[in-house]
Structures are given as C-alpha cells and as structure tokens.
Amino acid sequence: MFRLLFTILFAATLVHAQSQQAWVDSLYTQMTLDQKIGQLFMVMAYPDGNASKRMATSKQIQAQHIGGVLFSKGTSKQQLCDTRTYQNQTSVPLLIGADAEWGMGMRLTDLPAYPYAMTLGALPHSDLVYALGKRLGTRKRSMGVHVTFAPVLDVNSESKNPIIGVRSFGDEPNKVAEQGAAFMEGLQAAGVWAVAKHFPGHGAAVKDSHIALPLINRSSKTLDSIDLLPFQHLIDNKLKGVMVGHLAVPALTANDSIPVSISSVVVNDLLQEKMGFKGLVFTDALNMKGISNRVAKPALQAFMAGADVLLIPENLTSSISNIKSHYLSGNITPARLAKSVKKILATKYQLALEQTKEGIYEVLPLTSDDRYLVQQIAKQSLVLAHHNKAFPIKPNANLAFVALGKQKDDSFLTALRQYATVRQLSPYAAADISLNKTLVVGIYADTATPWKKQYLPTDELKLLTKLLKHKNVHVVVFAKPYVLRQLSDVRGCSSVLLAHQQELAFIKAAAQMLFGKIDAAGKFPVAVEGFD
C-alpha cells in the first residue's frame, strides 16, 4: 500500500515538474530580449491614489515589461484596485511583493499592525510564531501578494543598530533561527513565499544602509557562528527567497568599501554554491545609498554577482539598458540571463499566477481569531525581569500610578483599575507619597514604529531614580528591552516587567500579570545588563 501511494505521489510530482518546465521553456522561447530583461525588475508601486504615480507604474509594466511590483505606503482599498489593474496590463503575470514584516499594516494605513519580531523572540516556544506567520500569509495572499520580505534573520548583536532593532528576533543566533524558521513555515504554508533578509547579516551594523554603507567588521568564524547560522538553518528547511543586503563585509570580500550585493564571491559562491540556496535571490532596494553612493551601475553589477530579482533601481531605463548592452556585447551570456529569468518564471508557475491572475482580491476582516492570537502572544511574551515577595500586587493594595515617557493613552490605568483602586499621580507628587502605598511606574516609548528612538530623557530618568527608592514599587516597561539598561538599580523594586509594546493586548496582559492573574513565561530576546 505504501509503495503504491509513493508511486502515485512521485508520478504526480513528476507530472507537475514536467508541466512547469514546459510552461517556462515555452514562454521563455516566445519572449523578446526586452521582455526577458524586464522580468528581472521589481519596481515600487504607490497605492495612495496618486494618478500620475499609477500611470508611471502602468508604463513600466506595459513598455518595459517589468516582472513584479512592490507596493509601498497607501491604503488596502487602493492596493486591491491597483493589483487588478496592473495584473490585467501584462501578458506575463506580475510577481506582487510586500515589505510587511509585521503585517500589511506596516505599509497600509487602514490595516492593523501585529507584534514585532523582537516581541516574538521573547516567546518561550515557536508555535505562536508559526501561527502568526500563517495568519499574516493568509491575509497577504488574499490581497494578491505572492512574496513578502520577511523574516528578518539579522542577529541584533549591536544594541545601537539604527535600522534593525526590534525587527530582529533577538541576539541569540539559534533562537533567531528557530523563530525565523517558524515564521517562514507559517508564511509558506499560507501560499506566500518568504524572503529572508538581510544576507549575510545586518545585525552588527551601526549605520543604516538606506543612507550609508554599513561595515560589518567580523571574522569569517564569527560570521559563520552568528550571522550566517539562521540563514543556513532556513535554507536547509526550504526557504524560498533571500534578500542580499548592501553591507561591507571585508572578511568575505577582502574589501571594506563595496557592498556584498555586488560580489559574486558572496552572492554566488557563498550563498548559492556553498550554502546550497536554490531559490530566488533578491537585492535589497537598489536606490539605497549603501549601494547607489558606491557603485556606478548597481542593477547590472548586482545581476553579474548572481542576483535574480533587481529591486527598485533608481533609474529603471538606464538599468535595463546597461544589462541589455552587456548582453549584446557578450559580457552576459544567454545562459546567465536564462538562469534568472527561468527561475522567476518557475516561481510564477509554482505560485499559480496564471490561475490567479483573474482572481478575486480582498482584505480579510479582523476576526476573533486574530485578536486571540495577538492576546496569546502578548501574554506569553511578557518578561518578569525581576521580583520579590511583594509580587504580585494584592487586590486590596493602596495603589498609585505614575507614567514616564511617551504615553499614548490611559489604557494601562484603566486596566489596573479593573483589579484595584488606583490614583494617578504626577512624577513629582509621587516622589512624596506615603510608604504604605504601592506604586506602579509605567515607562513608555513610542512603539508605533520600530524606527523611533526609545529611551527616557535625562529629566525623567532623574525622576525615575527617585521613584525607585520607594518601598514598594513595580515597574512596567512598554518599550524595547534595551530601555531597561537605563534603570540604575532595580534590586529594591518589587517587580520589573517588560511588556514590549503600547498595544492594548500587551497593556491588559501587563495588568493581569501584576495582579497574579497570569504566569510569567517570556524570556529576554536580547541580553540586558543587570538582569539574569
């Protein structure tokens, strides 16, 4: 029986592979040189209702035969409309991309955001990470998205990293690999291809590759054991796409002034040959200063290095012209062009783009399942960083509350009042309250975006130092873990709780934990000095 089943499955797989190859070869043979070169490019599209931008994208699709679009900021309604329009303007289906690490709300103003990767990195297990990846994938695919630039596999070993930060799962390579794989598997189970980034690792950078070329000054041994480890793990587990970052890594290129994205030693020899990656290789955006300020012809040089999909060139026309002239002169062989274009066409076949080109696109409503998933992530990711015998707070406690930092609203105060009578005080008034009161200090950062700096200013830090001298004080931090480093001495605190984000699910979970309604399960995703 097993042998019969195996034979049937093998035959079905063989037929599918033969059908794919026939479709790819037939289409490739029919395409003109301009159409083949156009397939290499994915351009930015703007679902903001701007007619001139929409016309420009339509021209790129129809006249320059581009292979895909990456939607930027706008609204979901407009993106759905534009997706239908653009797909109907081309004979070869477009590959639709989304740079949406924490959901489509990362780019679209009318959709919700889900928890950041570093919050997920605090979870004790990866099952919720898989569930979130699958849910995000389902929501993306319903909107016509095929590939998403996630997960971020950068090991955030540099706390001052200006661009990665909470987009990373943390600073421990094996944990990043585990959580990243779960997220990838969830996405791909929903029919959306994961494109892991930013190879070979952006986590040790102190510069932002959007505005400069970061230097990753590590040895090959360190790169292998830290930065490359998560990528290898996902490659070994059927990762479909990799995005190559614009990073200077002299241990790999013997050069500290060129990005690895134009190095065949990195893109071809290391990633594809040594590490065995067979999927689609994407560049990071080619209009980023990390490459455009260093390289004369970014798209051409990235393609020559081994990339398949050339993302958002500064000048599409000249980029196409450069590749075409090098092809006609023999510097790019027919085999090299065919390799990437056929990989792109095979991807489109596997994603059933021919069948879905005329499909119905929709925004899935936010359901009780979505809310429950976020609630569980919030509850299980909270980190009880420190506590003594005064934790949890007793229901009849005489409670005062003080907020420091950039508090979004009074949701936490409301949540606390579900369990006790709470009086809100200013930081100055709180410094003089009686010793028999229990004091809760909420430390807030702007967590609406991962790119905002998160810290307590000097004046509020001085106030916090005074408040921490109180006999019974509980501190709740709605910010990234690194903010805890500003706490001078927590040994006298009754508890210190890391609650990650200023979202309602985390606020309610923090109040529940303070009063002992839920147990602590989260672990620090990064090392924080002063805390075990």
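Residues numbered from 1 in each chain as written. Predicted model: local features only at pLDDT ≥ 70, side-chain atom pairs only at ≥ 80, totals over all residues. Heavy atoms only, no water.

Engineer: Can you walk me through the nonpolar core in this structure?
Structural biologist: Grouped burial of nonpolar side chains is what soluble globular proteins tend to show. Within the largest apolar cluster, 140 residues are counted, with the highest numbers of intra-cluster contacts made by Phe-41, Phe-199, Phe-282, Leu-310 and Phe-412. Sort the elements by how many residues they give to this core and helix H20 (residues 504–514) lands first, with eight residues. Setting aside its immediate chain neighbours within four residues, Leu-310 contacts Leu-40, Phe-41, Met-42, Thr-283, Leu-286, Ala-299, Ala-302, Phe-303 and Ile-323. Listed in part, the 38 residues of the second largest apolar core include Ala-122, Tyr-482, Leu-484 and Cys-493. (Core = buried A, V, L, I, M, F, W, Y, C linked by side-chain atoms within 4.5 Å. Buried < 20%, exposed > 50% of the residue type's maximum accessible area, 1.4 Å probe, protein only. Helix = DSSP H or I, 4+ residues; strand = E, 2+ residues; numbered from the N terminus. Contact = heavy atoms within 4.5 Å.)

Engineer: Explanation requested: the pairing of strand S12 (residues 438–444) in the structure shown.
Structural biologist: Across a regular strand the side chains alternate sides, sitting on one face of the sheet and then on the other. Of all seven residues that make up S12, seven are buried, and the element is covered over most of its length. Side-chain alternation along S12 places Thr-438, Val-440, Gly-442 and Tyr-444 on one buried face and Leu-439, Val-441 and Ile-443 on a second face that is also buried. Summarising the sheet, strand S10 (residues 399–405) and S12 pair through seven bridges and their orientation is parallel. Opposite Gly-405, over in S12, you have Tyr-444 as the bridge partner. Taken together, the six bridges between S12 and strand S13 (residues 473–478) define a ladder with parallel strand orientation. Looking at the pairing, Val-440 lines up with His-474 of S13. Since S12 and S13 lie parallel, the crossover through helix H19 (residues 458–467) that links them has a hand, and here it is right-handed. (Pairing = 2+ DSSP bridges. Right-handed = clockwise from strand over helix to strand, strands pointing away.)

Engineer: Would you take a moment to explain the packing of helix H3 (residues 51–64) against helix H4 (residues 76–87) for this structure?
Structural biologist: The geometry of H3 relative to H4 is characterised by a closest axis approach of 11 Å and an angle of 30 degrees between their N-to-C directions. Taken together, the axis directions place H3 and H4 in an arrangement best described as roughly parallel. Seen along the crossing, H3 lies across H4 with a hand that is right-handed. Contacts between H3 and H4 involve Arg-54, Thr-57, Ser-58 and Ile-61 from the former and Gln-78, Asp-82 and Tyr-86 from the latter. (Axes fitted to C-alpha atoms, helices over the stretch in contact; angles between N-to-C directions. Parallel < 35°, antiparallel > 145°, perpendicular 65-115°, else oblique. Left-handed = near helix turned anticlockwise from the far one by under 90°.)

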